[in-house]
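Breakdown of the fold
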Amino acid sequence: MKWLFLGLGVAFAALICGIAAFRRNLPEKTSEDIDGGVVKRYRTDMPKVIESTEIVSFQCVISLIAACEAEGLGHRVYKLAAEVRDGEVLVKYDWRERGGKSDRAEYTAEADFMVRLQKIVSDYDLASQNGYYHNVSGLPDMYGGSLDIVYATDERIHIHDNQSGILPPEAERELILLFGAATKLERE
């Protein structure tokens, strides 16, 4: 009788382990697929200090659509990108307004562009937010922002929030002015 109970106990434990393994392999359920569903993560394993100072790729989206004070930058969504390719810094700068008005430019920047860009990243300690992700499904693509920076050492800063601004307003202003400085695009 004792062996029967022991056998049933082992079978029950194996059944529980099997169910747990099956549930781990199911796709993760999130509320992203319904309007208003929220996914919020803060990856603590992402480094908060980046050793490298050599940016090889930079992508940033800054929305000032809902900003109270944009100080001459307009209520726009800015997309900023820079990448080092074959020793050149290729820069993309564009903006759009809620009513559909937009403009864009692509140019090759001076070699010190990435140095000035890193200074802004460092001055505002943007790495301290590394790994923050907040997404509210169903929102139009005109709010919040994202930042993705890749360094020569493969270190990375990644921040995303589609509801609120992710950068200090002063950092947003400096980035927009740095990227827009070499363009002839309309300024307010």
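Report on the accompanying structure. These numbers come from a predicted model, not from an experiment. (Residues numbered from 1 in each chain as written. Predicted model: local features only at pLDDT ≥ 70, side-chain atom pairs only at ≥ 80, totals over all residues. Heavy atoms only, no water.)

Relative to each other, helix H2 (residues 113–123) and helix H3 (residues 169–180) sit at 170 degrees, their axes nearing to 10 Å. Compared by their axis directions, H2 and H3 come out roughly antiparallel. Here H2 contributes Phe113, Arg116, Leu117 and Ile120 to the contact with H3, which in turn contributes Ala171, Glu174, Leu175, Leu178 and Phe179. When the residues that make up the contact of H2 with H3 are grouped by side-chain class, the tally is seven nonpolar, no polar and two charged. (Axes fitted to C-alpha atoms, helices over the stretch in contact; angles between N-to-C directions. Helix = DSSP H or I, 4+ residues; strand = E, 2+ residues; numbered from the N terminus. Parallel < 35°, antiparallel > 145°, perpendicular 65-115°, else oblique. Contact = heavy atoms within 4.5 Å. Nonpolar A, V, L, I, M, F, W, Y, C, P; charged D, E, K, R; others polar.)

Counting 35 residues, the largest nonpolar core has Phe58, Leu80, Phe113 and Leu147 as its most contacted members. Counting only elements with at least two residues in this core, the list comes to strand S2 (55–63), strand S3 (76–85), strand S4 (88–97), strand S5 (102–109), H2, strand S7 (145–151), strand S8 (156–161) and H3. Once residues within four sequence positions are removed from consideration, Phe113 is found in contact with Ala82, Val89, Val91, Tyr107, Leu178 and Phe179. (Core = buried A, V, L, I, M, F, W, Y, C linked by side-chain atoms within 4.5 Å. Buried < 20%, exposed > 50% of the residue type's maximum accessible area, 1.4 Å probe, protein only.)

What follows is about the packing of aromatic side chains. Note on aromatic pairs: each is described by the distance of the centres and the angle between the planes. Under the criterion given, the structure shown has three aromatic pairs. With a centroid separation of 5.1 Å and an interplanar angle of 90 degrees, the aromatic rings of Phe113 and Phe179 are classed as edge-to-face. Separated by 66 residues along the polypeptide, Phe113 in helix H2 and Phe179 in helix H3 bring together distant segments of the chain. The exposure class assigned to Phe179 is buried, which follows from its relative accessible area of 0%. One aromatic cluster is present, built from ring pairs that chain together Phe58, Phe113 and Phe179. (Phe/Tyr/Trp six-rings, centres within 6.5 Å; stacked < 30°, edge-to-face > 60°.)

That's the geometry; what it means functionally is another story.
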